[in-house]
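In case you want the letters, here they are:
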Amino acid sequence: KGSSSGQVTVDVPAAAGTNTLSLPAETGNLLTSVTTGVCLGVTVATSTSTISTTNTSFTASGLQATVTPQTTGSKFLVMTSGGNVFPNNEQTEIHIIHYVNVGGAGAGAINNSNTKGIIRNGLVGGGEQKGMQSTCVFYDANTTSQLVFEPYFKSTNGSSTAYFNQSTVEVNLTVMEFAG
């Protein structure tokens, strides 16, 4: 039923008792507030490709998750897990860090370029030592522009190959958006 008061009332037919639902006279999204800490969405990217470098500068892994924040106050939990990370030389470390590209402006390191994961000693006693990665970082968006999250990695020894992943093993990038 309509009225000039700015409210619309919906009557429930054939129901016992009084069952009416009054909606506010608003346009757009009727849910105008979200409780802080509520998960607003999850984006997952996976790869089973071999990803490697001999570069001693941080190199894009190619594993990307794209998210458009629902609010400027959104917070993001960015996690990389799984995979098969290893250097092919025991004098090598692999450093892993998360980058974000905001609105196509170019990727920048999250948290002042602090390394989030280090894999050391790829060869022990002549045999490979491989490991699963698990890195995590929290990002405060302060924007509703599109965000592209991507782990970057590097080798500390340019004559040794650093593997971010090895084929047939799955590595995951998970991005969770939370209300700020």
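What comes next concerns the included structure.

Rules used throughout
- Residues numbered from 1 in each chain as written.
- Predicted model: local features only at pLDDT ≥ 70, side-chain atom pairs only at ≥ 80, totals over all residues.
- Heavy atoms only, no water.
- Helix = DSSP H or I, 4+ residues; strand = E, 2+ residues; numbered from the N terminus.
- Buried < 20%, exposed > 50% of the residue type's maximum accessible area, 1.4 Å probe, protein only.
- Phe/Tyr/Trp six-rings, centres within 6.5 Å; stacked < 30°, edge-to-face > 60°.
- Pairing = 2+ DSSP bridges.
- Salt bridge = Lys/Arg side-chain N within 4 Å of Asp/Glu carboxyl O.

### Structural notes on unusual backbone geometry
Here's step 1: Even without glycine at this site, Asn 142 takes up a positive phi of about 55°.
Here's step 2: Along the chain, the position of Asn 142 falls in the loop between strand E13 (131-140) and strand E14 (147-155).
Here's step 3: The class for Asn 142 is exposed, based on a relative accessible area of 57%.
Here's step 4: Of note, the phi angle at Thr 168 is positive, near 75°, even though the residue is not glycine.

### Some points on the environment of His 95
Here's step 1: Here His 95 lies in strand E8 (residues 94-102).
Here's step 2: The exposure class assigned to His 95 is buried, which follows from its relative accessible area of 12%.

### With respect to the packing of aromatic side chains
Here's step 1: Evaluated as defined, the whole model comprises 5 aromatic pairs.
Here's step 2: Seen from their ring centres, Phe 58 and Tyr 99 are 6.4 Å apart, and the 55° between their planes marks the pair as tilted. You can see Phe 58 sitting in the loop between strand E4 (51-53) and strand E5 (59-60) and its partner Tyr 99 sitting in strand E8, a full 41 residues away along the chain.
Here's step 3: Members of the aromatic cluster, connected to one another through ring pairs, are Phe 58, Tyr 99 and Tyr 152.

### Considering the pairing of strand E16 (residues 171-178)
Here's step 1: Counting buried residues along E16, 7 of its 8 residues qualify, which places the element largely inside the surrounding structure.
Here's step 2: Of the pairings in the sheet, the one linking strand E3 (residues 39-47) to E16 comprises 8 bridges and is antiparallel in character. Each bridged residue has a counterpart across the sheet, and for Thr 43 the counterpart in E16 is Val 175.
Here's step 3: Relative to E16, strand E7 (residues 75-87) runs antiparallel, the two being bridged by 8 bridges. Counted as the bridge partner of Met 79 is Thr 174 from E16.

### Topic: the pattern of salt bridges
Here's step 1: Inspection of the entire model under this criterion finds 1 salt bridge.
Here's step 2: Between Asp 140 and Lys 75 there is a salt bridge, with the nearest N and O atoms lying 3.1 Å from each other. With Asp 140 in strand E13 and Lys 75 in strand E7, the pair connects residues that are 65 residues apart, well separated along the chain.
Here's step 3: Exposure remark for Lys 75: the relative accessible area of 23% places this residue in the partly exposed category.

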